[in-house]
Amino acid sequence: MLALWKRNKLAELPEDVALLDRVIRLEHTRGARWFRDLEEAGERWQDLTEARLVELHTEFFAPLVASGIEVRNMEKVDIVKAIMAANGCSETQALAAFSTYRNCRCDGFEVTRDSMSRRTFFRHQKLLRVAGISDKHLRTASLIPFPKVRFELARPVANWEELRRC
């Protein structure tokens, strides 16, 4: 739906589309062998009920996500907030330091350092260090140690109303 809107094939997005930011879609595909095994067991795929499909879905994903998943919070807004909190600096200063961090990841440490004044680069580097981003993170473009965010996946959402209540 979002792709259609971006290509101007949809006049406006439905109001519920913002709720999709809270959804992780888990899809599972069964191969031809599974369907052959199903037929050999005397069942037809057309006769699978919703309850049986949910059971198959849970059977596959439960070991992977039963206790939830953790991902690093790498969104720009959160990284900028972390820089601000660690340094007590303004949002503008934190955004500038974040831009230097992002440029180091994209263009490399030396190219970024050479593209600005030494004083500016070292000021941004100091802000990033205090926020927990070491020189190693800047030089190697490795993952930075920002906090993990835990997603609880035990309760699947079946409709829009359930999603609104979450």
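From a predicted model like this one, the values you see are computed outputs, not experimental measurements.

A.B. asks: Explain the packing of aromatic side chains residue by residue, including any values.
C.D. replies: Per the stated rule, a full pass over the model turns up four aromatic pairs. Geometrically, the ring pair formed by F98 and Y101 is tilted, given 6.0 Å between the ring centres and 45 degrees between the ring planes. Here F98 pairs with Y101, and both are found in helix α5 (residues 91-107), just three residues apart, close to one helical turn. Each member of the pair, F98 as well as Y101, is classed as buried. Taking 5.3 Å as the distance between ring centres and 85 degrees as the angle between the ring planes, the aromatic pair formed by F109 and F121 counts as edge-to-face. Of this pair, F109 sits in helix α6 (residues 109-114) while F121 sits in helix α7 (residues 118-130), and the two are 12 residues apart along the sequence. Each member of the pair, F109 as well as F121, carries the same accessibility label: buried. Here the aromatic residues F109, F121 and F122 are joined through ring pairs into a cluster of three or more. Over the face of the ring belonging to F109 we find R139, whose NZ or CZ atom lies 3.9 Å from the ring centre.

A.B. asks: Let's hear about the side chain of T100: which residues, and what values?
C.D. replies: Of note, T100 is situated in helix α5. Every residue in contact with T100, bar those within four places of it in the chain, is listed here: T112, M116, F121 and H124.

A.B. asks: Outline the packing of helix α4 (residues 76-87) against α5, supporting the account with residue identities and numerical values.
C.D. replies: Where α4 meets α5, the axes come as close as 9 Å, and the angle between the chain directions of the two elements is 120 degrees. Here α4 is positioned oblique relative to α5, judged by the angle of their axes. You can see that α4 and α5 cross each other, and the crossing is right-handed. Here α4 contributes K76, I79, V80, I83 and M84 to the contact with α5, which in turn contributes E91, A94, L95, A97, F98 and R102.

A.B. asks: Provide a residue-level description of the pattern of salt bridges, including the pertinent values.
C.D. replies: By the definition in use, this model includes six salt bridges. The closest approach of N and O atoms between R139 and E110, which form a salt bridge, is 3.2 Å. Separated by 29 residues along the polypeptide, R139 in helix α8 (residues 135-140) and E110 in helix α6 bring together distant segments of the chain. Overall, the relative accessible area of 47% leaves R139 in the partly exposed class. Look at E110 and you get partly exposed, because its relative accessible area is 41%.

A.B. asks: Just give me the short version of the packing of α5 against α7, but keep the residues and values in it.
C.D. replies: Their axes nearest at 9 Å, the elements α5 and α7 cross at an angle of 95 degrees. Judged on the interaxial angle alone, α7 and α5 are roughly perpendicular. Here α5 contributes Q93, A96, A97, T100, Y101 and C104 to the contact with α7, which in turn contributes F121, H124, L127 and L128. Of the residues in the contact of α5 with α7, the class split is seven nonpolar, three polar and no charged.

What counts, and where the lines are drawn
Residues numbered from 1 in each chain as written. Predicted model: local features only at pLDDT ≥ 70, side-chain atom pairs only at ≥ 80, totals over all residues. Heavy atoms only, no water. Phe/Tyr/Trp six-rings, centres within 6.5 Å; stacked < 30°, edge-to-face > 60°. Helix = DSSP H or I, 4+ residues; strand = E, 2+ residues; numbered from the N terminus. Buried < 20%, exposed > 50% of the residue type's maximum accessible area, 1.4 Å probe, protein only. Lys NZ or Arg CZ within 6 Å of the ring centre and 35° of its normal. Contact = heavy atoms within 4.5 Å. Axes fitted to C-alpha atoms, helices over the stretch in contact; angles between N-to-C directions. Parallel < 35°, antiparallel > 145°, perpendicular 65-115°, else oblique. Left-handed = near helix turned anticlockwise from the far one by under 90°. Salt bridge = Lys/Arg side-chain N within 4 Å of Asp/Glu carboxyl O. Nonpolar A, V, L, I, M, F, W, Y, C, P; charged D, E, K, R; others polar.

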